[in-house]
Amino acid sequence: MVAALLLANFSITEWTKITARQAERKEAQAVLQEQVMAENVTMERDYPNLHAKGKVTKQDLPEKVVFLTFDDGPSRNTVRILDTLKEYNACATFFVIGENLTEEGVKIARRALEEGHMLGMHTETHRYETIYHSVDSFLTDYDKLAARFVEEFGECPAIYRFPGGSYSNYINPIKEELKENLQQRGFLGYDWTVSGEDSVGTPTATSIKNNIFDTIASRERPIILLHDSPCSNLTADVLPEILEKLIADGYTFMTLQYREPYLFPW
Ligand SMILES: [Zn+2]
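Everything quoted here is computed from the prediction, not taken from an experiment.

### Some points on the overall build of the chain
Part 1 of the argument: Scanning the chain for helices and strands turns up nine helices and eight strands.
Part 2 of the argument: Taking all 266 residues of the chain together, the buried fraction comes to 35%.
Part 3 of the argument: By sequence separation, contacts in the chain at least 24 residues apart represent 80% of the contacts at least 6 residues apart.

What follows is the structure in structure tokens.
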């Protein structure tokens, strides 16, 4: 009834104009859709390794669960970290730099997988100026790492962490486009909610522990950022104490495939 009354107010010419505009819009939408599809084809051609089937493994999580993550390895420190994790029966996720996947690095990464840990993508070069120059330069770099993974392990991880996280002066100009792009390709992104600050300034064993234990209680399903780079000796030194306290506080360790993706909301 309302529609009929409204229609009655329109002249035939006005009605024709509206129908024409609707048709125009539909056509414009179809053209846009075609462009998007064409772009996707080009992307697949240019970056053939860049797709994954990222899916969170659904499982009821313990009330106190913690997700340890180590960035920038593998290195000799990863070996020490793996020894400690084994000793305390804990697991972790390692965000790997492609340039560290030397013959030795591959062995270490393989050991991590065999011992129940998880690997994630952290770019090939980790050079902020290059990778964040544009979405394309990021993808070119990321594609190299993906290819390495495929070559060594048969597939590339479906999870990633941006070097420096998803908020910095380097990434900010392209971050929305980049996040969207990786999501469309099936990758799941993870920043952190607790940082040991073990690669910033001049950390000490005490500062690393304090950074973790001052904030962890206020975080739900905390993701802890630490490093296993060649210069993260201190992290490897202090890890037993961190694990002892986490265990004493009642935390269970899990790898990131059980947690929903998390990128900084800012
Ligand atoms: Zn990093």
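### Focus: the environment of R80
Part 1 of the argument: Residue position: R80 is located in helix α3 (residues 76–87).
Part 2 of the argument: On a C-alpha basis, the gap between R80 and T235 in space is 9.8 Å, while along the polypeptide they are 155 residues apart.

### Quick word on the pairing of strand β1 (residues 65–73)
Part 1 of the argument: Along β1, eight of the nine residues are buried, which leaves the element largely enclosed by surrounding structure.
Part 2 of the argument: Here β1 pairs with strand β8 (residues 252–253) via two bridges, running parallel. Note that in β8 the partner of V66 across the bridge is F253.
Part 3 of the argument: By the bridge criterion, five bridges tie β1 to strand β2 (residues 92–96) in an arrangement that is parallel. Bridging across to β2, T69 finds its partner in T93.
Part 4 of the argument: With respect to chirality, the unit in which β1 leads through α3 into the neighbouring parallel β2 is right-handed.

### Here's the deal with the packing of helix α8 (residues 205–215) against helix α9 (residues 233–248)
The relative placement of two packed helices comes down to the angle between their axes together with the axis-to-axis distance.
Part 1 of the argument: The interhelical angle for the contact between α8 and α9, taken along N-to-C directions, is 40°, at an axis separation of 10 Å. When the axis of α8 is compared with that of α9, the two are oblique. Viewed along their axes, α8 and α9 form a crossing whose handedness is right-handed. Along its contact with α8, which presents A205, I208, K209, I212 and F213, the element α9 presents L234, T235, D237, V238, E241, I242 and K245.
Part 2 of the argument: For the contact of α8 with α9, a count of residues per class yields seven nonpolar, one polar and four charged.

### Overview of α3
Part 1 of the argument: With twelve residues, α3 ought to run about 16 Å at 1.5 Å a step, and its terminal C-alpha atoms sit 17 Å apart, in line with that.
Part 2 of the argument: Among the residues of α3, those classed as buried are N77, T78, I81, L82 and L85. Buried residues along α3 cover an arc of 140° about the axis, so they all sit on one side.
Part 3 of the argument: Buried-residue contacts for α3 involve β1, β2, α4 (103–114) and α9.

### A look at the environment of R110
Part 1 of the argument: With respect to the helices and strands, R110 occurs in helix α4.
Part 2 of the argument: R110 sits 42 residues away from E152 along the chain, and the two C-alpha atoms are 8.9 Å apart.

### Brief notes about the pairing of β2
Part 1 of the argument: With five of five residues buried, β2 lies mostly within the body of the structure.
Part 2 of the argument: Two elements, β2 and strand β3 (residues 118–121), share four bridges in a ladder whose sense is parallel. If you follow V96 over to β3, its bridge partner there is M121.

### Topic: the packing of α3 against α9
Part 1 of the argument: At a minimum axis separation of 9 Å, α3 and α9 run at an interaxial angle of 10°. With respect to α9, the element α3 is oriented roughly parallel. Touching N77, R80, I81 and T84 of α3 are N233, T235, A236, L239, P240 and L243, all from α9.
Part 2 of the argument: In terms of residue class, the contact of α3 with α9 is made up of five nonpolar, four polar and one charged.

### Some thoughts on unusual backbone geometry
Part 1 of the argument: Residue P74 is bonded to the preceding G73 through a cis peptide linkage, with omega at -5°.
Part 2 of the argument: Among the secondary structure elements, P74 is positioned in the loop between β1 and α3.
Part 3 of the argument: Positive phi, normally seen in glycine, also occurs at T123, with a value near 75°.
Part 4 of the argument: Here T123 lies in the loop between β3 and α5 (128–131).

### A few points about α4
Part 1 of the argument: The end-to-end C-alpha separation of α4 is 17 Å, in line with the 16 Å expected for twelve residues at 1.5 Å each.
Part 2 of the argument: Among the residues making up α4, those that are buried are G105, I108, A109 and A112. Here the buried residues of α4 occupy an arc of 100° about the axis, which is enough to place them on one side. Opposite the buried face of α4, at more than 90 degrees from it, the exposed residues are E103, L113 and E114.
Part 3 of the argument: Taken together, the buried residues of α4 touch α3, β2 and β3.
Part 4 of the argument: Trailing α4 by a residue or two, G116 shows a phi angle of about 90°, which is positive.

What counts as what
- Residues numbered from 1 in each chain as written.
- Predicted model: local features only at pLDDT ≥ 70, side-chain atom pairs only at ≥ 80, totals over all residues.
- Helix = DSSP H or I, 4+ residues; strand = E, 2+ residues; numbered from the N terminus.
- Buried ≥ 20, exposed ≤ 12 C-beta atoms within 10 Å, placed from the backbone.
- Contact = placed C-beta atoms within 7 Å.
- Pairing = 2+ DSSP bridges.
- Right-handed = clockwise from strand over helix to strand, strands pointing away.
- Axes fitted to C-alpha atoms, helices over the stretch in contact; angles between N-to-C directions.
- Parallel < 35°, antiparallel > 145°, perpendicular 65-115°, else oblique.
- Left-handed = near helix turned anticlockwise from the far one by under 90°.
- Nonpolar A, V, L, I, M, F, W, Y, C, P; charged D, E, K, R; others polar.
- Expected span 1.5 Å × (residues − 1).
- Arc of directions from axis to C-beta.

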